[in-house]
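Below are the chains, spelled out letter by letter.
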Amino acid sequence: MENSNGIHYIELSRNPIRFDAVSQLTNVFFDDSNKQIFAVRSGGATGVVVKGPVPNEDTVISFCMNDRGGAIRSIKFSPDNQILAVQRKENAVEFVCFQGEQPMLQDIITHQVKTMIHGFVWIHNREVALISNTGVEVYTVLPEKRQVRSVKSLSISIKWFAWCCDANVALLCTTEGNSLVPVLVKQKVITKLPKVDLASPSREVQESKVTLGQVYGVLAVLILQSNCSSGMMEVEVHLLNGPGLAPRKCHVLRLSLVGRFAINTVDNLIVVHHQATGTSLLFDISLTGEVIQDITYHAPITTGRSIKPFGLKLPSLSPDGQILQCELYSTHWVLFQPNIVIDAKLGCMWYLNLCIDPICNLISDRIRLTEFLLQRSSGKQVLLKVLGQLVDDQYKGTLLPVLETIFSRINKIYASWVQLELANQTAQPSNVKTSTVKHTSPPIVLIEQLDMVQIFQRIARRPYTETILMLYLQSLNKFNIAAQEELSKMIISELIHNHSFDTLRRLVSYSMVLESKAVACFLLSHSDVDTAISQVAIDMLGKIQAHEIIIEVMLGQGKVIDALRLAKNSLGLDKVPARKFLEAAHKTNDDLIFHSVFRFFQMRNLKLYETLAFPKAEQCTEFIQHYNSTFPVDSSLNPQIS
């Protein structure tokens, strides 16, 4: 069913992996661990073609193998594609070693057990786990000895199982008590985890109603159930929140529909497909919802919409080719985690992708949209675009509370990242090479100050820009984030442009802008606008103890006596350059100032060198001559500096 307005937020990947479609001679299998699809003709006798994304989607493995009797039930390569496991019988698995891309059919290893094998999963290049009706057993395959050796086992009655390759966890449905038990299966290790807490343990849990996947890096058991009151279907989300903790029902997704459903996870979103209406519902468990007894109930992010129509290009002699419009939500579709759709009849395998831009038009609440985009892998540029619209002229004034909340959302994540980076830098010993230090992954979407500055620059010098900048600065201050140089300069520019000198003075006084020589010099470059700016710059330089720059500023302003007093106290008597101060005093054309400065240095000379004379190295001859000509008889004026 196509949307009447043509808006779609889910689409199939543009270039599907094509394979031989299911027929009387061809069977199709999918390995959800390696993401490989197998097209097996005549039980393998007339060929097996393997396609998958690793190392790239153009990689094809083709080979033939003997039809050893019995239809193939499952077929999977080891992670390195060097051993092929094939199950034809319910109690046996064959292991075929490969040399390059061709099987060594003379060295087939057959492992037979006395139980009914539900399936198998590779957990390492040479280790495989068989899951049967009596338990889980890990085996090591030894090709050189043509042996399969048991290394670990767990006895438990199993009705069916689901596998999550990303977490190496099998979810076992037991025959005893009809419970769901997660089991961590790794090399030579099987760890039984606490069982899933089911609301109605007496009710049989069907395999088709359970999906195992990862959402926000946490293993999730998704169970499709009908609501006892309304009869509408909903999805219970049980999360494995930590080692040793029982999976707990944390979320419920309200579908408000009945019928057949299938589930994918795309970019940490849970996508629930409804076949009858031909629509897909999006759920984000990171967003707020209705909380009842510590369980969050979620409605879809927006109304259900269909997957974007897909036209499949068919082989044709025509240069334009023929386009086949694929049937969406077909009965021939089979879905795998996290985001794989396979149409076995058509011979296509797609990845489901999220279309973020259309969602921005469907979520009118800008705060909720921000929270949504902060969790999407490709959400940064879209979020920056949304922020740019919010601070634009058409939004001025009316959305300031909204902007304040949005700034809090993005800066909360930003602050966590800044603190983490500082902690990592503090914890790193100086003698450890950076290549050996474990770096923490940044947040999914990180909006930094430079990103915001680029947005703010587009609205520079508008009447409301100062208000928005101050709002953002207050948000940074709330999360103890120091303003960086570019942001500080922009704020200063806006305040000077608006003649908001009192605000500027307060920002510097409370250290809300960056205190650095560069920012202080930036302030000084605008000192011609108002004298207050120079004093603000001097205040900042004083806070960072940049006394030499303050002295230069004072000398440039003709405040020679003040500069000399500061130089004496900050640099020390022996570090004060006589020529610089005498030259500055001479330029004031004030004989009293010149006399005071000259006498100050005479007293200095007397204290340091036990003579009134200036050292030749200071090159003060011209100023000595000026003093002698101006004051031929030394007056009784006392110098202003002692």
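None of these values were measured; they are calculated from a predicted model.

Undergrad: So what exactly am I meant to see when it comes to the overall build of the protein chain here?
TA: When you go through the protein chain residue by residue, the secondary structure sums to 15 helices and 33 strands. Taken over the C-alpha trace, the protein chain has a radius of gyration of 37 Å; the compact-globule value for 642 residues is 26 Å, which it surpasses by more than 25%. For the protein chain, the spread of C-alpha atoms along the three principal axes comes to 125 × 60 × 60 Å. When the 642 residues of the protein chain are sorted by exposure, 47% land in the buried category. Counting contacts in the protein chain only where the partners sit at least 6 residues apart, residues at least 24 apart contribute 52% of the total. By element, 49% of the accessible surface of the protein chain is carried by carbon and sulfur atoms, the whole surface being about 31700 Å². Taking the average place of the 61 positive charges on the side chains of the protein chain and the average place of its 59 negative ones, the gap between the two points comes to 5 Å.

Undergrad: Before we go on, may I ask you to explain the pairing of strand β33 (residues 348-354) in this structure?
TA: Along any regular strand, the residues point their side chains to alternate faces of the sheet. With six of its seven residues buried, β33 lies for the most part within the structure. Note that strand β1 (residues 10-12) and β33 share three bridges and pair antiparallel. The partner of Glu11 across the bridge, within β33, is Asn353. Sheet topology note: the strand β32 (residues 340-343)/β33 ladder contains four bridges and is antiparallel.

Undergrad: How should the packing of aromatic side chains be read in this particular structure?
TA: The way to describe two aromatic rings as a pair is by their centre distance and the angle between their planes. In total, this model carries 18 aromatic pairs according to the counting rule given. Between Phe77 and Phe98, the aromatic rings sit 5.1 Å apart at their centres with planes inclined by 70 degrees, giving edge-to-face as the arrangement. With Phe77 in strand β7 (residues 74-77) and Phe98 in strand β9 (residues 92-99), the pair connects residues that are 21 residues apart, well separated along the chain. Ring plane angle 85 degrees and centroid distance 6.4 Å describe the contact between Phe407 and Phe456, whose orientation is recorded as edge-to-face. Linking Phe407 in helix α4 (residues 400-427) with Phe456 in helix α5 (residues 449-457), this pair joins segments that are 49 residues apart in sequence. For the pair Phe407 and Phe456, a shared accessibility class is recorded, and that class is buried.

Undergrad: Just checking my understanding: could you explain the sheet that holds strand β18 (residues 180-186) for this structure?
TA: Taking strand neighbours across the sheet as the criterion, the four strands line up as β16-β17-β18-β19 in an open arrangement whose pairing is antiparallel. Of all the strands in the sheet, just β16 (158-164) and β19 (189-192) have a single pairing partner and so form its edges. Put simply, the sheet's adjacent strands are angled 25 degrees from each other on average, direction ignored. Pairing analysis gives four bridges linking β18 to β19, with the strands arranged antiparallel. Directly across from Lys186, in β19, lies its bridge partner Val189.

Undergrad: Whenever I open this one, a nonpolar patch on the surface confuses me. Can you help?
TA: Taken together, the side chains of Met603, Leu606 and Leu612 make up a nonpolar region of the molecular surface, amounting to roughly 240 Å² of accessible area. Its location among the elements puts Leu606 in helix α14 (residues 591-609). Accessibility expressed as a relative area gives 40% for Leu606, which makes it partly exposed.

Undergrad: Help me understand the pairing of strand β31 (residues 333-336), please; the structure alone is not making it clear to me.
TA: Where β31 meets β32, four bridges bridge the pair, whose relative direction is antiparallel. Looking across to β32, one finds that Trp333 is bridged to Asp343. Where β31 hands over to β32, the hairpin turn is made up of three residues, counted between the paired strands.

Undergrad: Explanation requested: unusual backbone geometry in the structure shown.
TA: Residues apart from glycine generally show negative phi values, whereas peptide bonds are mostly found in trans. Put simply, Gln337 and Pro338 share a cis peptide bond, and its omega is 0 degrees. Locating Pro338 in the fold gives a position in the loop between β31 and β32. One non-glycine residue with positive phi stands out, namely His499, at about 55 degrees. Along the chain, the position of His499 falls in the loop between α7 (485-497) and α8 (501-509). Of note in this structure, Ser511 is not a glycine but carries a positive phi near 55 degrees. The exposure class assigned to Ser511 is partly exposed, which follows from its relative accessible area of 41%.

Undergrad: Even after reading the chapter, I still don't get the nonpolar core, so can you show me in this structure?
TA: For soluble globular proteins, nonpolar side chains are generally found buried alongside one another. In this structure, Phe456, Phe581, Leu582, Val597 and Phe601 are the most contacted members of the largest nonpolar core, which totals 116 residues. The element best represented in this core is α4, accounting for eight residues. Filtering out sequence-adjacent residues up to four positions away, Phe456 remains in contact with Val391, Phe407, Ile468, Leu469, Tyr472, Leu487 and Met490. If you look at the next biggest cluster of nonpolar residues, it comprises 18 residues, including Ala220, Met233, Val237 and Ile270.

Undergrad: Would you mind showing me how to read α7 here?
TA: For an α-helix, the turn length of 3.6 residues means that residues three or four places apart are oriented alike. Compared with the 18 Å implied by 1.5 Å per residue over 13 residues, the 18 Å span of α7 between its first and last C-alpha is a close match. Extensive coverage of α7 is indicated by the burial of ten of its 13 residues. Among all positions of α7, only Leu487, Ser488, Lys489, Met490, Ile491, Ile492, Ser493, Glu494, Leu495 and Ile496 are buried. Buried-residue contacts for α7 involve α5, α6 (465-478), α8, α9 (517-524) and α10 (531-543). The positive-phi residue at the C-terminal boundary of α7 is His499, with phi of around 55 degrees.

Undergrad: Please clarify how the environment of Leu476 should be interpreted in this entry.
TA: Structurally, the position occupied by Leu476 is in helix α6. Here Leu476 falls in the buried class, since its relative accessible area comes to 0%. Sequence-wise, Leu476 and Tyr414 are 62 residues apart; in three dimensions their C-alpha atoms are separated by 9.2 Å. Every residue in contact with Leu476, bar those within four places of it in the chain, is listed here: Asn411, Tyr414, Gln449, Ile481 and Leu487.

Undergrad: Help me understand the sheet that holds strand β27 (residues 290-292), please; the structure alone is not making it clear to me.
TA: Within a sheet, each strand pairs with its neighbour through backbone hydrogen bonds, oriented either parallel or antiparallel. Spatially, six strands are ordered β20-β21-β22-β23-β28-β27 in an open sheet, and the strand pairing comes out mixed. Either end of the sheet is taken by a strand with one partner, and the two such strands are β20 (210-215) and β27. Averaged over all pairs of adjacent strands, the angle between their axes in this sheet comes to 30 degrees, without regard to strand direction. Relative to strand β22 (residues 233-239), strand β21 (residues 218-226) is paired through seven bridges, and the arrangement is antiparallel. Paired with Ile223 across the strands is Glu236, a residue of β22.

Undergrad: How should the packing of α14 against helix α15 (residues 621-630) be read in this particular structure?
TA: Packed helices, taken two at a time, are described by the angle between their axes plus the distance between the axes. Put simply, α14 and α15 touch, their axes get as near as 11 Å, and they point 120 degrees apart. Classified by the interaxial angle, the pair formed by α14 and α15 is oblique. The handedness of the crossing between α14 and α15 is left-handed. Note on element contacts: α15 touches α14 through Phe623, Ile624, His626, Tyr627 and Thr630, opposite Asp591, Phe594, His595, Phe598, Arg599 and Gln602. Residue composition of the contact of α14 with α15, by class: five nonpolar, four polar and two charged.

Undergrad: Where do I start with the confidence of the model for the protein chain in this structure?
TA: Caution applies to low-pLDDT parts of the model: their predicted coordinates are not meant to be read in detail. Per-residue confidence for the protein chain gives a mean pLDDT of 88; residues scoring 70 or more make up 92%. Considering only residues more than four positions removed or in separate chains, one finds that residues 635-642, a stretch of pLDDT under 50, has 13 contacts.

Basis of the calculations
Residues numbered from 1 in each chain as written. Predicted model: local features only at pLDDT ≥ 70, side-chain atom pairs only at ≥ 80, totals over all residues. Heavy atoms only, no water. Helix = DSSP H or I, 4+ residues; strand = E, 2+ residues; numbered from the N terminus. Rg over C-alpha atoms; globule rule 2.2 N^0.38 Å. Buried < 20%, exposed > 50% of the residue type's maximum accessible area, 1.4 Å probe, protein only. Contact = heavy atoms within 4.5 Å. Areas by Shrake-Rupley, 256 points an atom, 1.4 Å probe, with all protein chains shown as cover. Lys, Arg positive; Asp, Glu negative; His and termini not counted. Charge placed at Lys NZ, Arg CZ, Asp CG, Glu CD. Pairing = 2+ DSSP bridges. Phe/Tyr/Trp six-rings, centres within 6.5 Å; stacked < 30°, edge-to-face > 60°. Axes fitted to C-alpha atoms, helices over the stretch in contact; angles between N-to-C directions. Patch = residues over 30% accessible without salt bridge, like charges linked within 9 Å, V, L, I, M, F, W, Y side chains within 5 Å. Salt bridge = Lys/Arg side-chain N within 4 Å of Asp/Glu carboxyl O. Core = buried A, V, L, I, M, F, W, Y, C linked by side-chain atoms within 4.5 Å. Expected span 1.5 Å × (residues − 1). Parallel < 35°, antiparallel > 145°, perpendicular 65-115°, else oblique. Left-handed = near helix turned anticlockwise from the far one by under 90°. Nonpolar A, V, L, I, M, F, W, Y, C, P; charged D, E, K, R; others polar. pLDDT = per-residue confidence, 0-100.

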